[in-house]
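# Observations on the model geometry
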Amino acid sequence: MSLKKRARANSVVQENDENASRMNGSYEPAAEATPSSHLAESGKWKESIARVVRCVVSIRFSQVASFDTDESGTGEASAFIVDAKNGYMLTNRHVVCAGPFVGHAILDNHEEVEVYPVYRDPVHDFGFLRFDPKRIRYMNVEQLELRPDLAKVGAEIRVIGNDAAEKLSILAGWISRVDRNVPDYGELTYCDFNTNYIQAAANASGGSSGSPVVERNGNVVALQAGGHMIAATDYFLPLDRPLRALRCLQNKKPITRGSIQAQFLIKPFDECSRLGLDTAIEEQVRGLFPGATSMLVVETVLPEGPSHNKLHEGDILLHLNSKYLIDLIELESILDESIGQDIVLTVQRGNNKVDVTCRVQSTHDIAPDRYVEVCGAKFHNLSYQLARQYALPVKGVFISEPAGSFRLEGPEYCYLLESVAYKPVPNLDAFIEVMKTIPDRSRVAVGYRFIHDKHSLITDVIEVDRHWAKAFRLATRNDETGFWDFQNLGDPLPAKPNVPCTTSIPKLNVENFGPTADINNCFVKITYYMPIHLDGYRKSRKQGTALVLDKDNGIAVTSRCTVPYALGDLTITVADSIQIPAEVLHLHPTQNLTFIKYDPKLLGETPIKAAELRNYYVSQGDNVNFFGFNSKSRVVATRTSVTDVITMVIPPNPMPRFRAVNFESITIESGLGSQCGSGVLTDDEGKVVALWLTHYGEQTSRGTDVKYHLGLASPVVLTTLKRLQNKVNPHIRILNVEFRAIQLAHARSMGLSAERIQQIETANEKRHQLFMITHVEANTPRVLTDGDVILSANGKPVTRVQDIEAEDVEEIEMDILREGKEMSIKVPTFSTENCETNRVIICWGATIQAPHRAVRLQSEGLPSNVFVTNRSRGSPADQYDLGIAQFITAINGIPTLDLESFVREVRKVQDNSYVRVSTVTFDKVPVILTIKMNEHYFPTLDLVRDSNSEVGWRAVQYDEGGEEDNPSMGLVIEEDVDTNSAAAD
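Thresholds, definitions, all that
Residues numbered from 1 in each chain as written. Predicted model: local features only at pLDDT ≥ 70, side-chain atom pairs only at ≥ 80, totals over all residues. Heavy atoms only, no water. Helix = DSSP H or I, 4+ residues; strand = E, 2+ residues; numbered from the N terminus. Buried < 20%, exposed > 50% of the residue type's maximum accessible area, 1.4 Å probe, protein only. Contact = heavy atoms within 4.5 Å. Areas by Shrake-Rupley, 256 points an atom, 1.4 Å probe, with all protein chains shown as cover. Pairing = 2+ DSSP bridges. Axes fitted to C-alpha atoms, helices over the stretch in contact; angles between N-to-C directions. Arc of directions from axis to C-beta. Polar contact = N/O pair within 3.5 Å; in protein donor to acceptor, adjacent residues only side chain to side chain. Phe/Tyr/Trp six-rings, centres within 6.5 Å; stacked < 30°, edge-to-face > 60°. Lys NZ or Arg CZ within 6 Å of the ring centre and 35° of its normal. pLDDT = per-residue confidence, 0-100. 1 Å grid on protein atoms, 1.4 Å probe; cavity = no way out; pocket = protein on both sides within 12 Å on 5 of 7 lines; lining within 4 Å. Points joined across faces, edges and corners; volume = space filled by probe spheres on them. Nonpolar A, V, L, I, M, F, W, Y, C, P; charged D, E, K, R; others polar. Domains from an automatic or database assignment. UniProt positions renumbered as here; feature names shortened; annotations may be inferred. Core = buried A, V, L, I, M, F, W, Y, C linked by side-chain atoms within 4.5 Å. Salt bridge = Lys/Arg side-chain N within 4 Å of Asp/Glu carboxyl O. Buried area = accessible area lost by both parts, 1.4 Å probe.

### What to know about the overall build of the protein
What the protein contains, in helices and strands, is 17 helices and 60 strands. When the backbone C-alpha atoms are referred to their principal axes, the protein occupies close to 105 × 65 × 55 Å. Of all 985 residues assigned to the protein, the portion counted as buried reaches 57%. Contacts in the protein between residues at least 24 apart in sequence constitute 67% of all its contacts with a sequence separation of at least 6. Accessible area for the protein stands at about 40,800 Å²; split by element, carbon and sulfur atoms hold 47% of it.

Rendered as structure tokens:
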């Protein structure tokens, strides 16, 4: 742009700003712009910006636990040095975080330095980080001066910081307002209040939080705090209170903050008039404060606070201690210096003047600085921030991380706990004392409310988990170190023994349910709680049903969608009356079946029955009786017929997880089949001919699971059941491949001879099909390969899945079609003895395991046997972008091709130091990462399957070169991706 055009553009802006200045009573005529003045001003800006840039840093941080209004997570922001000698940086409160913070600063010369929070304001959006200036070796440490007095309407400013996650951005703007109310960012998130904000148009975006807003001489006039999502409008925090807090830090004085638990808003005179402002008072105020356009009005008064029943919403503040007051910053200043003292406020309420006296309390007393971790969840006293948003008393226990036992029904993040085991918990200390008295595995009632609903008290029953999540500890903020200190609050009380109990089972009407009426006595409901996410699954709780197969030995069967792996707590509910524990007995490696076991003695005389399975493969057109459980777990039944029996291929999920392969699925004519996630098909004698199961397939673009409801023939179930009953090893041998059905016409086009086709048609007149290999399990011998067509197995033509008998043989003689040629080969089978996950490493907050079979089937080759299956929010894995479904191949350049070598190399790395991690994505793209160890919040845990352990797994915690067996910290409890506490199939 030419100087002439730039001068014209600036004159337009100046004209607009002059109008805005007149409105606010601070207008000063702008000097006439000339080319020489623009050149001089441009040079001044360049000089100032060069100095400011050296003081601005990029902050990369994580909040490791959800606390107050902030959820756990990672982010990038800006800060700037305000004290080079003592090492203080100023940034936003929502950057410093109300909860545990871990972060570092990247300076202008790309040096990195650790930063630690020393202060976060309980109300306003600012906080201070501390760093060690001696650790900055390659540049002189400079500082910026805070000048709140220079923030004026019409002032040209620059926002200099980490805008849009860039290392440095310089955004220009002009201050348009200095008297706007604080922007509202929505519910359950941090919002400033009781201050004015400065408004400008600089079009800043994410990452610019904490940036200095400077004038042309390089002085900081405001702090970038937020912006409009659509318009190019930015919101800045005035620096009056940050400057006072900085002086207190520098002089080692406490930063006092006072409150009467009332929120005030700036209201213009016309609104105040409608609220009852006397004309004479307005005239007097305008005379005392030339240019004033507004006064302060009470917006919210918190119940049970110092101003409750004294101030009312809509009161117009006239005097404070007999002195007119219309400025929020001055109000806050008086409150901060009056803690423990009485103040007198004069307000206009309608047509009346009212004097009220309030005792000022410390705001820090109503801003929590502790939380308790127990049963996998986190709790703290309700904060002033949240109480103000919902006009609640500042009291009660807030569940900041509702996980583990306290994953309650409803939204993910909004619970106020009122009672546990019918004992009130009015505050955190009372909650601690109640939890100390509750044994592990106890089922207790909890009373809670949603924070946005004052009217409804919800009572639910939870099972206390102190065996997976053993940690019961108090975390207290330490502003000297910047960390949160942990204090153990006690070991778990042992669980009480289970007592046998008897109940009746509701009878179904034979007229309505026919031959399936008695099958209801064979079903139990199950709930499976998974404290850690493995094998590609993302839910912590699953609900479903199981069919009892052997009542004397307590054996039942369910879907692997409900019980996907053997790490968790399994509970059986009989007749909606009795709940008893159960355990995973066997996971079928290829079929959608999990066999579970319970103690039948605990059911007393309950008339539970074992279903009778018929050793019969149903065919298309067979008449059957359908008995199922719909989405509301209600029983439905109908007479129907089998529409098809096909070899089904369940589409794989991008994040591999178990899916049944190489199986024949049954579909039925009735539409009830698509509505029911579990059930059975029976013949007219009530014998089960098929199980009705839910299969998980791919996910939609919105992340929801596609579910397939299909039948599985009884003989497939009987094969494993007989092994379990006869104490025969249930771990069968299988082929290392996945295949799909193809038509004979397809095989003919691939080169299959007419003679062979005739043999196949003669062998099975109903099914003119063969099977083609689609996947070979990675890192196993590729005797069969993709595209091979199986013709026969041990001399028998293969047209159905059951024609391949591999369970008890080590080798199968096969005839195959490969590249148009028929040939005979010997195909080995593979043991499934160690097919399931039996070791898990939790490191950097990531869940790491050997690749499970779904990964091996979806991969052509494995870069290593160290696979990342999950990560927790706010963890080093999250902060440094260790991706889910990545393989770790090396630590600090040393290959780690299995879990043992991975643990060995990780244990060599010192705490709070970087480790170089070589990874390969699922699509075989190599990625090198650096991750900083953080043993304080994220120690390394090693979980090994151990039948002698109480929970079937033994935990070892590695710390500073040593190890602790059965650590009190327990497992890392993960949170569901979705908001449902449990999902029913």
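### Points about the pairing of strand 58 (residues 953–959)
Most of strand 58 sits out of view: five of its seven residues are buried. Pairing of strand 57 (residues 940–945) with strand 58, which is carried by six bridges, proceeds in the antiparallel orientation. By the bridge assignment, Asp942 is partnered in strand 58 with Val956.

### A word on the sheet that holds strand 7 (residues 156–161)
Whether parallel or antiparallel, the strands of a sheet pair through hydrogen bonds between backbone atoms. Taken in spatial order, the six strands line up as 7-8-9-12-11-10 and close into a barrel, and their pairing is antiparallel. Recorded for the sheet is a direction-independent mean angle of 45° between the axes of neighbouring strands.

### Quick look at helix 7 (residues 328–336)
Side chains three or four residues apart in an α-helix point the same way, a direct result of the helix having 3.6 residues per turn. Among the residues making up helix 7, those that are buried are Leu328, Ile329, Leu331, Glu332, Leu335 and Asp336. Down the axis of helix 7, the sector holding all buried residues measures 155°, keeping them to one side. The inward-facing, buried residues of helix 7 contact helix 4 (240–250), strand 13 (258–259), strand 14 (262–268), strand 15 (294–301), strand 16 (316–320) and strand 18 (342–349). Two or three places before Ile329, at the start of helix 7, stands the capping residue Asp327, its side-chain oxygen 3.2 Å from that residue's backbone nitrogen.

### What to know about the packing of aromatic side chains
Per the stated rule, a full pass over the model turns up 27 aromatic pairs. For the ring pair Phe523 and Phe629, a centre distance of 5.0 Å and an interplane angle of 70° mean the geometry is edge-to-face. Of this pair, Phe523 sits in strand 30 (residues 523–529) while Phe629 sits in strand 36 (residues 623–630), placing them 106 residues apart in sequence. Across the pair, Phe629 and Phe523 agree in class, each one buried. Taken together, the ring pairs connect Tyr116, Phe483, Phe486 and Tyr937 into an aromatic cluster. Geometry around Trp45 places Arg158 over its ring, the cationic atom sitting 4.1 Å from the centre. When the ring centre of Tyr616 is taken as reference, the NZ or CZ atom of Arg614 above it lies at 4.4 Å.

### Describing the side chain of Asn870
As for its position among the elements, Asn870 is in strand 52 (residues 867–871). A distance of 3.2 Å separates a polar atom in the side chain of Asn870 from a polar atom in the side chain of His533.

### Considerations on the confidence of the model for the protein
The share of residues in the protein with pLDDT of 70 or more is 91%, and the mean pLDDT across the chain is 90. Of the regions scoring below 50 in pLDDT, residues 1–33 engages in 28 contacts with residues more than four places distant in sequence or in other chains. Ignoring residues within four places in sequence, the model shows residues 972–981, a span with pLDDT below 50, making 39 contacts including any to other chains.

### A short note on empty space enclosed by the protein
Per the stated rule, a full pass over the model turns up nine cavities of 30 Å³ or more. Taken together, 14 residues make up the lining of the largest cavity; nearest its centre are Pro589, Phe658, His852, Arg853 and Ala854. Its residues placed into classes, the lining of the largest cavity shows seven nonpolar, two polar and five charged. When we break the lining of the largest cavity down by domain, the ones giving at least three residues each are domain 4 (511–726) and domain 6 (839–964). Roughly 70 Å³ of volume is contained in the second largest cavity. It is helix 7 that contributes the most residues to the lining of the second largest cavity, three residues altogether. Of the residues contributing to the lining of the second largest cavity, the split by class is eight nonpolar, four polar and two charged. Inspection of the lining of the second largest cavity shows a minimum of three residues originating in each of domain 1 (43–251) and domain 2 (258–364).

### Digging into the UniProt feature "domain: PDZ-like" (unreviewed entry) in the protein
In this structure's numbering, the residues bearing the UniProt feature "domain: PDZ-like" (unreviewed entry) are residues 365–441 and 837–912. Annotation note: span residues 837–912, helix share 24%, strand share 28%, distance between end C-alpha atoms 30 Å.

### Let's talk about the nonpolar core
Within soluble globular proteins, side chains that are nonpolar tend to cluster in buried spots. Ranked by internal contacts, the top residues of the largest apolar core, which has 43 residues, are Val372, Phe379, Phe406, Leu417, Val420, Phe431 and Ile451. Elements with a minimum of two residues in this core: strand 21 (370–374), strand 22 (377–381), helix 8 (384–390), strand 23 (397–401), strand 24 (415–420), helix 9 (428–436), strand 26 (443–450) and strand 28 (472–477). If one sorts the elements of this core by residue count, helix 9 sits on top with five residues.

### Focus on the pattern of salt bridges
Evaluation of the coordinates by the stated rule reveals 57 salt bridges. The partner of Arg359 in a salt bridge is Asp342, with the nearest N and O atoms 2.5 Å apart. Here the residue Arg359 occupies a position in strand 19 (residues 352–359), and Asp342 occupies one in strand 18, the gap between them amounting to 17 residues. In this structure Asp342 comes out as partly exposed when scored by relative accessible area, which is 43%. Asp576 is the salt-bridge partner of Lys525, the closest N and O atoms lying 3.0 Å from each other. With Lys525 in strand 30 and Asp576 in the loop between strand 33 (569–574) and strand 34 (578–587), this pair connects stretches of sequence that are 51 residues apart. With a relative accessible area of 26%, Lys525 lands in the partly exposed category.

### Concerning the sheet that holds strand 6 (residues 127–130)
Strand order around the closed barrel formed by six strands is 1-2-3-6-5-4, with antiparallel pairing between neighbours. Looking at each pair of strands side by side, their axes are set apart by 40° on average, direction ignored. In terms of strand pairing, strand 4 (residues 101–106) meets strand 5 (residues 112–120) through four bridges, oriented antiparallel. Paired with His104 across the strands is Glu114, a residue of strand 5.

### What about the domain arrangement of the protein?
Domain boundaries assigned for the protein yield domain 1 (43–251), domain 2 (258–364), domain 3 (368–488), domain 4 (511–726), domain 5 (733–831) and domain 6 (839–964). Each of domain 1 and domain 6 has a C-alpha centre, and the two are 35 Å apart. Facing 14 residues of domain 1, the contacting portion of domain 6 comprises twelve residues. For the pairing of domain 1 and domain 6, the buried interface totals around 950 Å² over both sides, and the portion due to carbon and sulfur atoms is 45%. Between the two partners, domain 1 and domain 6, sit three salt bridges.

### Quick look at helix 14 (residues 754–763)
The set of residues buried in helix 14 consists of Arg756, Ile757 and Ile760. Relative to the axis of helix 14, the buried residues are bounded by an arc of 100° and lie together on one face. The exposed set on the far side of helix 14, more than 90 degrees from its buried face, consists of Ala754, Glu755, Gln758 and Thr762. Packing partners of the buried residues in helix 14 comprise helix 13 (744–749), strand 44 (769–776), strand 45 (789–793), strand 47 (811–818) and strand 48 (821–828).

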